[in-house]
Amino acid sequence: MFYRKSLAVKERAKKLVALDDFSGGMNGVSGAFSAACADVCFNTEGNYGALRQGLGFDKPRLGASVFFSDAKSMACLTLDFGGGKRQYIAVVSPSGGLELYPADNPEEAVSVCGTTGNVQMMPYDYGGKRCLLFCDGSGLRLYDGANVTDCGAAIAPGSMAVYYERIFGVSAGDDRKALFSKELDPTDWTEDYSGGGYVTPMDGFGGIKALASFDDRLYLFGENAIAEAEAKAPQDDFSVKRVFAAGCGTVPGTVKVCGGGVYFLSDDGICVFDGNGVERVADLGGRITVRGDENACVYRGSYYLACRVDFGDGKRVLCEKSDYRNNALIKVSQGGSVSVSRGMDISCMSAADRLYFVSGGKIGEVTDSGCWFGAPLPKAWRTAESDLGILGKKTVTAVNVYSRRALTVKIIADGREYSLDISGGKDYRRFKTSVTGSLFRFELCTDAAEPLVVKPVFEVSYGGEEL
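Notes on the structure follow. (Residues numbered from 1 in each chain as written. Predicted model: local features only at pLDDT ≥ 70, side-chain atom pairs only at ≥ 80, totals over all residues. Heavy atoms only, no water.)

1. What to know about the side chain of Ser461
Within the fold, Ser461 resides in strand 42 (residues 452-462). The residues touching Ser461, leaving out its near neighbours within four places in the chain, are Arg12, Ala13, Lys14, Lys394, Thr395 and Thr397. (Helix = DSSP H or I, 4+ residues; strand = E, 2+ residues; numbered from the N terminus. Contact = heavy atoms within 4.5 Å.)

2. Digging into the sheet that holds strand 38 (residues 407-413)
In spatial order, the strands read 2-36-41-38-39; together these 5 strands make up an open sheet with antiparallel pairing. Pairing within the sheet leaves two strands with one partner each, and these edge strands are strand 2 (40-42) and strand 39 (416-422). When the angles between neighbouring strand axes are averaged without regard to direction, this sheet yields 20°. The pairing of strand 38 with strand 41 (residues 440-446) spans 6 bridges and is antiparallel. (Pairing = 2+ DSSP bridges. Axes fitted to C-alpha atoms, helices over the stretch in contact; angles between N-to-C directions.)

3. Some thoughts on the packing of aromatic side chains
The relative placement of two aromatic rings is captured by the distance of their centres and the angle of their planes. Evaluation of the coordinates by the stated rule reveals 23 aromatic pairs. Seen in terms of ring centroids, Phe440 and Phe442 are 6.4 Å apart; in terms of plane orientation they differ by 25°. Their pairing is stacked. Phe440 gets classed as buried once you look at its relative accessible area, which sits at 0%. One aromatic cluster in this structure is built from Phe214, Tyr219, Phe221, Phe244, Phe264 and Phe273. (Phe/Tyr/Trp six-rings, centres within 6.5 Å; stacked < 30°, edge-to-face > 60°. Buried < 20%, exposed > 50% of the residue type's maximum accessible area, 1.4 Å probe, protein only.)

4. A word on the nonpolar core
The biggest cluster of nonpolar side chains holds 52 residues, and the ones touching the most others in it are Ile270, Leu284, Ile330, Phe442 and Phe458. Excluding its chain neighbours within four sequence positions, the residues that come into contact with Leu284 are Met26, Asn27, Val309, Ile330, Val338 and Val340. Among the nonpolar cores identified, the runner-up in size contains 18 residues, and Ala161, Leu211, Leu220 and Ala225 belong to it. (Core = buried A, V, L, I, M, F, W, Y, C linked by side-chain atoms within 4.5 Å.)

5. A short note on the environment of Arg141
The residue Arg141 is located in strand 12 (residues 139-143) in this model. Relative accessible area serves as the criterion here: at 15%, Arg141 is assigned to the buried category. When the C-alpha positions of Arg141 and Leu184 are compared, they lie 15 Å apart, and in sequence the two are 43 residues distant. Separated by 2.6 Å, the side chains of Arg141 and Asp136 make a polar contact. (Polar contact = N/O pair within 3.5 Å; in protein donor to acceptor, adjacent residues only side chain to side chain.)

6. Considerations on the pairing of strand 6 (residues 73-79)
Taken across its 7 residues, strand 6 has 6 buried, putting it largely inside the fold. In the sheet, strand 6 pairs with strand 7 (residues 86-92) via 7 bridges, with the strands oriented antiparallel. Along strand 7, the bridge assignment pairs Thr78 with Gln87. Linking strand 6 to strand 7, which pair antiparallel, is a turn of 6 residues; within it Gly82 sits at a positive phi near 105°.

7. A look at the sheet that holds strand 9 (residues 110-114)
Spatial ordering of the open sheet is given by 6-7-8-9, a layout of 4 strands whose pairing is antiparallel. The open sheet has two edge strands with one neighbour each: strand 6 and strand 9. Recorded for the sheet is a direction-independent mean angle of 25° between the axes of neighbouring strands. As judged from the 5 bridges shared by strand 7 and strand 8 (residues 97-102), these two strands associate in the antiparallel manner. Looking at the pairing, Val91 lines up with Glu99 of strand 8.

Just distances and angles here, no functional claims.
Shown next, in the form of structure tokens:
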């Protein structure tokens, strides 16, 4: 009798691919597969190895009777008009009207005056009071609680900085000049030894984009360089002391002192200047698109940037479903972690004990709710495409995961997408799959409130050819 001999088959090898970190957000190397950094993620936080919801955006928590008028911009300020210090929310209406709302009693709103164009506001001690100093398309003005005084300074809105009791600002008529006021008097800009004047960087520096007072020094941010100005008394010694090569442009409206440096957006990503040089801290894989509508704020030691990001995933989230300028809020923590919120067109931010924003003409407050005015934000975390360290074809045979809320796990193999819908539960569970390909990416998606996703592990088998 003839017995057929069976061909030997090599046993298929197995590999486990775990997503067990999530802490890096979108701040990884573009195109590199990582358990810590996503190729695209939004509205999530990834500390302690678990994926959770990110920031929330809600109505200001100032009492049920609080009503703010529609706003073009706003600022949080502590002012003293002779009756003691109070925190105010200064609001510029779409028509340009400037109003002050006391935070402890917003119903006592005061109408100040009209404004034009962009408006920059800050407190300044003058005449024994902490007054409101604001700059718009008409120049610099001072409000002392009763009267508005024209300071007679033609400086560009958004460029003001206080340094040694003087106001500095970029000249509205010549951006190569940084004008300064008389010491202790923002109403006197007369160019003389005892009054005001200006400083200019050397030839080749170009226009000044922004000013920042940091570490007892005044810095002028240009297109591709940063200059340190010597601007302490006596005035005849004012000069540009030295220049640092930045190697990247500066986007006005994004220059903010935060912790041990000055953060700003450039055409190279989010950078920080520490007084000696410039370091890039985040670029989101080159997905930030500079358009001139960007704005930034510092709150509790973190840098917040509202800007436009090209997520490249074909989705439309909230504001992206219609016309928008910005669609993302990037948070850079002092520890270096980067988180991205998506779907909000934020035109202005300001912080005091809370972080406020303006979007669509409405004032809101940044919270930890994970919602957009009560509705849970959509959340996603997607890896870069990878061969998983294995050449040739392989198969994802199972997914192991804990998810407290409903979750969609997507496995994309060679461009083809397989979705697994998982209900929330209390246990770590295993789900069988059979997705074959050469190049893979994994994505976690949920619209649920308060999600918690822990250590998704993908079982991968490969090999097994006949011998």
